[in-house]
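# Overview (structure and organization)
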Amino acid sequence: MRREQGSEAKEALVSAFAEFGGENLRDIWLFGQSDYEMLYLRDDVSDKLEEINVSKFVDNERFGFVTRDTYDQLYYASYQYTVRGFDDFEQFRMFFADDERNVGMFTSLDLQPGGHDYESLFRHVTDIASGYDVPTVEPGEVGLE
C-alpha cells in the first residue's frame with residue numbers, strides 16, 4: 001500500500017474511505033482544475049495503473065465540474081455524487097462545496113455482493129469534511145505516468 005503524506009483534512013478523509021471500504025478500497029484521488037494527488041493506492045492496483053495514463057484518467061473526472069454545474073441548473077435537487085460500475089470495481093466521485101475553487105475526490109472499491117451503500121459514504125465523508133477547510137491539491141510525482 002502506498003499512501004502520500006498530507007494535511008490533517010486529507011488524513012481524516014482517507015480514514016473515512018478506508019473505514020467504509022476496508023479491504024475493498026483500491027485507491028483514493030484528490031483533484032482540482034489542473035492538478036491531482038494520489039492519497040491512497042493499493043499495491044495490486046498500482047501494478048494495473050502502470051498500464052494506463054493516469055493524467056488522462058483524472059482529466060476525464062474533471063468533466064464532472066461541468067456536469068455538476070449543469071445538474072444544479074437543470075434539476076430541482078442538488079448533485080451529490082456519481083458511481084460508475086466496471087467489470088472489476090466501482091468508482092465513486094464527489095465534489096467539495098467551495099465557491100472559489102473546484103476540488104473533487106474519487107475512489108474505487110472492489111465489487112461486493114449486494115453492492116456498497118454510497119449514500120452512506122457520501123454522508124460520512126461530507127460530515128468529516130465539514131470540520132475542515134476544503135483540501136488543497138498538492139501535485140506530486142506519483143510515478144504512474
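Residues numbered from 1 in each chain as written. Predicted model: local features only at pLDDT ≥ 70, side-chain atom pairs only at ≥ 80, totals over all residues. Heavy atoms only, no water.

This paragraph deals with the overall build of the chain. Helix and strand content of the chain: four helices and five strands. When its helices and strands are written in sequence order, the chain yields α-β-β-α-α-β-β-β-α. Taking as baseline every contact in the chain between residues at least 6 positions apart, the subset at least 24 positions apart corresponds to 66%. A total accessible area of about 8100 Å² is found for the chain, and carbon and sulfur atoms account for 46% of it. (Helix = DSSP H or I, 4+ residues; strand = E, 2+ residues; numbered from the N terminus. Contact = heavy atoms within 4.5 Å. Areas by Shrake-Rupley, 256 points an atom, 1.4 Å probe, with all protein chains shown as cover.)

Okay, a negative patch on the surface next. Judged by side-chain charge, Asp43, Asp47, Glu50 and Glu51 come together as a negatively charged surface patch. Position of Asp43 relative to the elements: it lies in helix α2 (residues 43-49). (Patch = residues over 30% accessible without salt bridge, like charges linked within 9 Å, V, L, I, M, F, W, Y side chains within 5 Å. Salt bridge = Lys/Arg side-chain N within 4 Å of Asp/Glu carboxyl O. Lys, Arg positive; Asp, Glu negative; His and termini not counted. Charge placed at Lys NZ, Arg CZ, Asp CG, Glu CD.)

Turning our eyes to something else, we now look at the pairing of strand β2 (residues 36-41). Of all six residues that make up β2, six are buried, and the element is covered over most of its length. Bridging between strand β1 (residues 25-31) and β2 involves five bridges; their strand directions are antiparallel. Opposite Phe31, over in β2, you have Tyr36 as the bridge partner. Connecting β1 to the next strand, β2, in antiparallel fashion are four residues. (Buried < 20%, exposed > 50% of the residue type's maximum accessible area, 1.4 Å probe, protein only. Pairing = 2+ DSSP bridges.)

Take the packing of aromatic side chains next. Counted according to the given criterion, the structure contains 16 aromatic pairs. Ring centres 5.5 Å apart and planes at 45° place the aromatic pair Phe31 and Phe65 in the tilted group. Taken together, the residues Phe31 in strand β1 and Phe65 in helix α3 (residues 54-74) connect sequence positions 34 residues apart. Residue Phe65 is classed as buried on the basis of its relative accessible area, which comes to 4%. (Phe/Tyr/Trp six-rings, centres within 6.5 Å; stacked < 30°, edge-to-face > 60°.)

By size, the foremost hydrophobic cluster in this structure holds 22 residues, and its most contacted members are Phe17, Ile28, Leu30, Phe92, Phe96, Met105 and Val125. Elements represented by at least two residues in this core include exactly α1 (8-21), β1, β2, β4 (89-95), β5 (104-110) and α4 (118-129). Counting residues per element, this core draws most heavily on α4, at five residues. Those residues in contact with Met105, other than ones at most four positions away along the chain, are Leu13, Phe17, Ile28, Trp29, Leu30, Phe31, Leu39, Phe92, Arg93, Met94 and Phe96. (Core = buried A, V, L, I, M, F, W, Y, C linked by side-chain atoms within 4.5 Å.)

Right, let's get into the side chain of Asp110. Mapping Asp110 onto the fold places it in strand β5. Since its relative accessible area comes to 16%, Asp110 is described here as buried. A polar atom in the side chain of Asp110 sits 2.9 Å from the side chain of Arg42. If we ignore the near neighbours within four places in the chain, the residues touching Asp110 are Glu23, Asn24, Arg26, Arg42, Asp88, Phe89 and His116. (Polar contact = N/O pair within 3.5 Å; in protein donor to acceptor, adjacent residues only side chain to side chain.)

Moving on, we come to the pattern of salt bridges. Pairing is possible between side chains of opposite charge, provided their charged atoms come close. Taken as a whole, this structure holds ten salt bridges when the rule is applied. For Arg26, the salt bridge goes to Asp110, with nearest N and O atoms at 2.9 Å. Here the residue Arg26 occupies a position in strand β1, and Asp110 occupies one in strand β5, the gap between them amounting to 84 residues. When its relative accessible area of 5% is taken as the criterion, Arg26 is described as buried. Asp69 is the salt-bridge partner of Arg68, the closest N and O atoms lying 3.8 Å from each other. Via salt bridges that share partners, Arg26, Arg42, Asp44 and Asp110 belong to a single interconnected network.

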